[in-house]
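Per-entry structural report
Below are the chains, spelled out letter by letter.
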Amino acid sequence: MPISLSQQDARKLVLLSQQLPASKQTGNATDATLSAIQHLGYIQIDTISAVQRAHHHTLWNRNPRYQTTHLDKLVAEKQVFEYWSHAAAYLPMQDYRFSLPRKQAIANGEQGHWYTPDKHLMKSVRKRIETEGPLMAKDFEHTGEKLGEWRSKPAKKALECLYMQGDLMISSRQNFHKVYDLSERVLPKDVNTTPPTQEEYARFLIVSYLRANGLGQAPEIAYLRKNTKPLISKTLKDMAANNELLQINVGGNHYYALAESLELLNKPLARSKLAILSPFDNLLIQRKRMQMLFDFDYLIECYVPEEKRQYGYFSLPILWDGKLQARMDCKVDRKSSHLHIQHLALDASLKKVDAFSHALYKQLPAFMLFNHCTQLSLHKSTPQNLPPMPINLTGI
């Protein structure tokens, strides 16, 4: 029989599984970053830089000691690598073999990606990297009349095709630009490169998702993973029938969970601690799920015409008291080290405004430090009559 959980307990299970808000940590800070990546399974990479980029922001919320140099260090140490989960991401190297099904499907034409493969150009690009060593897209730019096959755009497409089918990997980044090298030169010697069976792959996706998210449904586990939903649905049913998974009911919606995950409900949730989240945080990336579990209807509005935006270009969801209850549209002026809060909008359901404001003002200095800011301005709030911001926030 399914186990029934209240919405409050379901939210608690999800947040503790997501390691939010962050708990106190000991030991090496870089190791804590690696541990977070391994637990979550992936960290989405994004290019928007209104505040610190999403991959840094997401990790900072799990590891308050996080430094933006950690990812480069972990890539150099071959502890993590770049590839795709549902989107471009940093992945634990220990899970490398589970990136192979997508790579093989792209290599044999079963699955497409962005670009149509140009086999001749791909062969030439690969040969040059094999001979010269790691290269960036700009290394294939030529000036003058003899552009030929080395024009930037075609070469970039060839690099990405080789990367997506597994011939190349990202060995490092320089000013956020990818540096490509042969996969065999990037992979550690002891990494498992055996392709998983279909059942192994489905079980990996299921267990990884449920460990990091507390509970889940087949469409959530298969999110943006082409052709996996039927296999995942069948494997979920098989695992539940074998008592490897629990079936959970939350307000009439049916989920699956690992038995050990429910033990988290015995732990306290730091409800008074506030977290300012990235729009691409692992917790939030599936908007329909957030609406079902947290009653939080979120849309990132950077893709919405300015005149139609309700909250702002890059509003950051705010977690407090076990709920998602506000949004804060932010932009960093890096020249003046100034954090501009363009619009702080509290949801109508948030009743403890004073307590929320106190928690937010307590967290803002750390958020400013993370974004290398020494000044702060709040330009607009909804509602307008929020408790005044302490003076010392503007001069840390």
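Residues numbered from 1 in each chain as written. Predicted model: local features only at pLDDT ≥ 70, side-chain atom pairs only at ≥ 80, totals over all residues. Heavy atoms only, no water.

**What about the overall build of the chain?**
Cut-off, in case you're wondering: Under the scheme used here, helices are H or I runs from DSSP no shorter than 4 residues and strands are E runs no shorter than 2 residues, and both carry numbers assigned from the N terminus. All radius of gyration figures rest on C-alpha atoms, and the globule criterion is 2.2 Å times the number of residues raised to 0.38. Residue burial is assigned from relative accessible area. The probe radius is 1.4 Å, only protein chains are included, and a residue is buried under 20% of its type maximum, exposed over 50%, and partly exposed in between. Residue contacts follow a heavy-atom distance rule, with two residues in contact if any of their heavy atoms lie within 4.5 Å.
Along the backbone of the chain there are 13 helices and 14 strands. Radius of gyration (C-alpha) of the chain: 23 Å, near the 21 Å computed for a compact globule of 396 residues. Viewed in the frame of its principal axes, the chain has a C-alpha envelope of about 65 × 60 × 45 Å. Taken across its 396 residues, the chain has 53% of its residues classed as buried. In the chain, once contacts between residues fewer than 6 apart in sequence are set aside, the share between residues at least 24 apart is 66%.

**With respect to the pairing of strand E5 (residues 168-174)**
Applied cut-off: Two strands form a pair only when DSSP identifies at least two bridges running between them.
By the bridge criterion, six bridges tie E5 to strand E6 (residues 177-182) in an arrangement that is antiparallel. The partner of Arg173 across the bridge, within E6, is Lys178. The turn linking E5 back onto E6 is made up of two residues, and Asn175 within it adopts a positive phi angle of 50°.

**A closer look at the packing of aromatic side chains**
Cut-off, in case you're wondering: Only Phe, Tyr and Trp rings take part, Trp by its six-membered ring, and two of them pair if their centres are within 6.5 Å. Stacked means planes under 30 degrees apart, edge-to-face means over 60, and tilted covers everything else.
Taken as a whole and assessed by the stated rule, the structure comprises eight aromatic pairs. With 5.9 Å between their ring centres and 50° between their planes, Trp60 and Phe367 make a pair best called tilted. Separated by 307 residues along the polypeptide, Trp60 in helix H3 (residues 54-60) and Phe367 in helix H13 (residues 353-370) bring together distant segments of the chain. Both rings, one in Tyr163 and one in Tyr180, keep their centres 6.3 Å apart while their planes meet at 80°; by these two values the pair is edge-to-face. On the criterion of sequence distance, the pair formed by Tyr163 in helix H7 (residues 152-164) and Tyr180 in strand E6 is long-range, its members being 17 residues apart.

**A few points about the sheet that holds strand E3 (residues 80-84)**
Reading across from one edge, E2-E4-E3 is the order of the three strands in this open sheet, with antiparallel pairing throughout. In the strand order of this sheet, the two ends are held by strand E2 (43-44) and E3, each with one partner. The pairing of E3 with strand E4 (residues 88-92) spans five bridges and is antiparallel. Opposite Phe81, over in E4, you have Leu91 as the bridge partner.

**Looking at helix H5 (residues 100-107)**
Residues of H5 that are buried include every one of Leu100, Arg102, Lys103, Ala105 and Ile106, and no others. Positioned one or two residues after H5, Gly109 has a phi angle of 85°, which is positive.

**Considering the pairing of strand E10 (residues 315-320)**
Of all six residues that make up E10, six are buried, and the element is covered over most of its length. In E10, alternate side chains face the same way, and those of Ser315, Pro317 and Leu319 on one face and Leu316, Ile318 and Trp320 on the other are all buried. The pairing of strand E9 (residues 275-276) with E10 spans two bridges and is classified as antiparallel. Of the residues in E10, the one forming a bridge with Ile276 is Ile318. When E10 meets strand E11 (residues 323-333), the two strands line up antiparallel, connected through six bridges.

**Remarks on the confidence of the model for the chain**
For clarity, the cut-off: As a per-residue quantity, pLDDT reports the predictor's confidence and falls between 0 and 100.
Of the residues in the chain, 96% have a pLDDT of 70 or more, and the chain-wide mean is 94. A low-confidence stretch, residues 143-152 stays under pLDDT 50, and its non-local contacts, those more than four residues away or across chains, total 13 contacts.

**Regarding the sheet that holds strand E7 (residues 246-250)**
Strand order in the open sheet formed by three strands is E1-E7-E8, and the pairing between neighbours is mixed. Strands with a single pairing partner mark the edges of an open sheet, and in this sheet they are strand E1 (3-4) and strand E8 (253-257). Of the pairings in the sheet, the one linking E7 to E8 comprises five bridges and is antiparallel in character. In the strand pairing of E8, Ile248 is matched with Tyr255.

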